[in-house]
Amino acid sequence: MLEYIITYLCLSQILMFVFLLINEKDIRAAYLSFESKRGDVPSNKWYVFYIITHVLKAPILAPMILVLILLNGGKLVP
């Protein structure tokens, strides 16, 4: 049972990294939009934190990311 869980976690991280690489510009724009709404100056540390939160959500979002990659090539729909 544990090997299934570990395999799923590894695959979900790989899918998330592929998703992040494909959508790097869109994710950066979403972060800058978030910071501008808060009225704060964007910083590199908070951007890294923003990316880490995406990576931590990978096991939950893996099925949706897989469907997005299979149907749309992984690009976010505007």
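Up top is the structure.
Thresholds applied
Residues numbered from 1 in each chain as written. Predicted model: local features only at pLDDT ≥ 70, side-chain atom pairs only at ≥ 80, totals over all residues. Heavy atoms only, no water. Helix = DSSP H or I, 4+ residues; strand = E, 2+ residues; numbered from the N terminus. Expected span 1.5 Å × (residues − 1). Buried < 20%, exposed > 50% of the residue type's maximum accessible area, 1.4 Å probe, protein only. Arc of directions from axis to C-beta. Contact = heavy atoms within 4.5 Å. Phe/Tyr/Trp six-rings, centres within 6.5 Å; stacked < 30°, edge-to-face > 60°. Lys NZ or Arg CZ within 6 Å of the ring centre and 35° of its normal. Patch = residues over 30% accessible without salt bridge, like charges linked within 9 Å, V, L, I, M, F, W, Y side chains within 5 Å. Areas by Shrake-Rupley, 256 points an atom, 1.4 Å probe, with all protein chains shown as cover. Salt bridge = Lys/Arg side-chain N within 4 Å of Asp/Glu carboxyl O.

(A) Molecular detail of helix α2 (residues 24-38). Here α2 contains 15 residues, and its C-alpha end-to-end distance of 21 Å stays within 8% of the 21 Å for a straight helix at 1.5 Å per residue. Buried within α2 are the following residues: I27, Y31 and E35. The buried residues of α2 occupy one face: seen down the axis, they fall within an arc of 75°. Among the exposed residues of α2, those oriented more than 90 degrees off its buried face are K25, S36 and K37. Residues of α2 that are buried sit in contact with α1 (2-22) and α3 (44-56). Just downstream of α2, G39 is the residue with a positive phi angle, here 80°.

(B) The arrangement of the environment of R28 in detail. Along the chain, the position of R28 falls in helix α2. For the pair R28 and K57, spaced 29 residues apart in sequence, the C-alpha to C-alpha distance is 17 Å.

(C) View of the packing of aromatic side chains. Counted according to the given criterion, the structure contains three aromatic pairs. Ring geometry for Y31 against Y50: centres 5.5 Å apart, planes inclined by 50°, an arrangement best described as tilted. With Y31 in helix α2 and Y50 in helix α3, this residue pair connects regions lying 19 residues apart in the sequence. Owing to a relative accessible area of 1%, Y31 belongs among the buried residues under this scheme. Chaining the aromatic ring pairs together yields one cluster made of Y31, Y47 and Y50. Its guanidinium or amino end placed over the ring of Y47, R28 lies 4.4 Å from that ring's centre, counting from NZ or CZ.

(D) Spatial organisation of a nonpolar patch on the surface. Taken together, M1, L2, Y4, I5, I6, Y8 and L9 make up a surface patch of nonpolar side chains, about 770 Å² in accessible area. Relative to the helices and strands, I5 resides in helix α1. On the basis of relative accessible area, I5 is assigned to the partly exposed category, the value being 43%.

(E) The side chain of N23, seen in detail. For N23, the location among the structural elements is in the loop between α1 and α2. If we skip the residues at most four places from it in the chain, N23 touches G74, K75 and L76.

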